[in-house]
Amino acid sequence: MNAPLDIPDNLFLCIDHVGIAVPDLDEAIAFYRDSFGMVVAHEEVNEEQGVREAMVQINREGGDTTTQRIQLLAPLNDESTIAKFIARSGPGLQQLAYRVADIDQVSAVLRERGLRLLYPEPKRGTSNSRINFIHPKDAGGVLVELVEPAADATH
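From a predicted model like this one, the values you see are computed outputs, not experimental measurements. (Residues numbered from 1 in each chain as written. Predicted model: local features only at pLDDT ≥ 70, side-chain atom pairs only at ≥ 80, totals over all residues. Heavy atoms only, no water.)

Quick look at the overall build of the chain now. What the chain contains, in helices and strands, is three helices and eight strands. Mapped from its N terminus to its C terminus, the chain presents α and β elements in the order β-α-β-β-β-α-β-α-β-β-β. Taken over 155 residues, the chain has a buried fraction of 42%. Contacts spanning at least 24 positions in sequence make up 57% of the contacts within the chain whose residues lie at least 6 apart. (Helix = DSSP H or I, 4+ residues; strand = E, 2+ residues; numbered from the N terminus. Buried < 20%, exposed > 50% of the residue type's maximum accessible area, 1.4 Å probe, protein only. Contact = heavy atoms within 4.5 Å.)

Here's what the structure looks like:
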């Protein structure tokens, strides 16, 4: 018999970001900058996930923008998950990401509660974070991402 899990009071710390699938990252960055006045906080290529991505945020002087991010995700090739998402659903809202303190603990709790995660172990995400996803069929049709930021995270 397994020992009971040490369940935290809150599985999630906050909403980390909202992911938006875009066909062209440079065009999307220009749109968010020119239309909404947002700025790029971080940009990178994640070969394993098959994306070129940018975290954009509201540009508020003196404001705390550390958790107010939108992740723009563009496919690196036609076989990437984002390319398949765009082909199936078009550009737009792709996932909702929650920040967690301990992804291994949260994953264990969620699995114990009967939810399926997409990966058996967390993978590398933006800025060396550790990530996993709850299957959309287990989360009301929403792809939910779990994000444990790296200790030295800048995003």
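So that's the structure; there's more coming.
This part takes up the sheet that holds strand E4 (residues 69-75). Taken together, eight strands build an open sheet; the order of strands is E2-E3-E4-E1-E5-E8-E7-E6 and the sheet is mixed. In this open sheet, the two edge strands, each paired with only one partner strand, are strand E2 (38-46) and strand E6 (123-124). (Pairing = 2+ DSSP bridges.)

Let us now look at the pattern of salt bridges. Overall, the coordinates contain nine salt bridges when judged by the stated rule. The residue aspartate 104 makes a salt bridge to arginine 130 at a minimum N-O spacing of 3.0 Å. Of the two residues, aspartate 104 sits in helix H3 (residues 103-112) while arginine 130 sits in strand E7 (residues 130-134), which places them 26 residues apart along the sequence. The class of aspartate 104 is partly exposed, set by a relative accessible area of 37%. (Salt bridge = Lys/Arg side-chain N within 4 Å of Asp/Glu carboxyl O.)

Think of a pair of aromatic rings as described by two things: how far the centres are apart, and how the planes are tilted against each other in angle. As enumerated under the stated definition, the model contains five aromatic pairs in all. Ring geometry for phenylalanine 12 versus tyrosine 98: centroids 4.2 Å apart, planes at 5 degrees, classification stacked. Of this pair, phenylalanine 12 sits in the segment before strand E1 (14-21) while tyrosine 98 is found in strand E5 (residues 92-99), placing the two residues 86 residues apart along the sequence. On the basis of relative accessible area, phenylalanine 12 is assigned to the partly exposed category, the value being 28%. For the pair tyrosine 32 and phenylalanine 36, a centre-to-centre distance of 5.4 Å together with 75 degrees between the ring planes defines the contact as edge-to-face. (Phe/Tyr/Trp six-rings, centres within 6.5 Å; stacked < 30°, edge-to-face > 60°.)

Inspection of the secondary structure puts proline 75 in strand E4. Given a relative accessible area of 24%, proline 75 falls into the partly exposed group. Taking the C-alpha atoms as reference points, proline 75 and leucine 25, 50 residues apart in sequence, are found 8.7 Å from one another. Those residues in contact with proline 75, other than ones at most four positions away along the chain, are Val22, Pro23, Gly50, Ser80, Ile82, Ala83 and Ile86.

Moving on to the confidence of the model for the chain. Across the chain, the average pLDDT comes to 90, with 88% of residues at 70 or higher. Of all helices and strands in the chain, the one with the weakest mean pLDDT is E2 (94), whereas E7 scores best (98). (pLDDT = per-residue confidence, 0-100.)

We now examine the nonpolar core. Considering soluble globular proteins, one finds that nonpolar side chains tend to be buried as a cluster. Within the largest apolar cluster, twelve residues are counted, these being Ile20, Val22, Leu25, Ala28, Ile29, Tyr32, Met38, Ala54, Val56, Ile70, Leu72 and Ala74. Counting residues per element, this core draws most heavily on helix H1 (residues 25-36), which supplies four residues. When near neighbours in sequence (up to four residues on either side) are disregarded, isoleucine 70 contacts Val18, Ile20, Tyr32, Met38, Ala54, Met55 and Val56. (Core = buried A, V, L, I, M, F, W, Y, C linked by side-chain atoms within 4.5 Å.)

When you line up the elements, glutamate 145 lands in strand E8 (residues 144-148). One buried charged residue, glutamate 145, forms no salt bridge at all, with the nearest opposite charge on arginine 124 at 9.7 Å. For glutamate 145, the side chain forms a polar contact with the side chain of glutamine 95, separated by 3.1 Å. Non-local contacts of glutamate 145, meaning those with residues more than four positions away in its chain, are made with His17, Gln71, Gln95, Leu96, Ala97, Tyr98, Ile131, Asn132 and Phe133. (Lys, Arg positive; Asp, Glu negative; His and termini not counted. Polar contact = N/O pair within 3.5 Å; in protein donor to acceptor, adjacent residues only side chain to side chain.)

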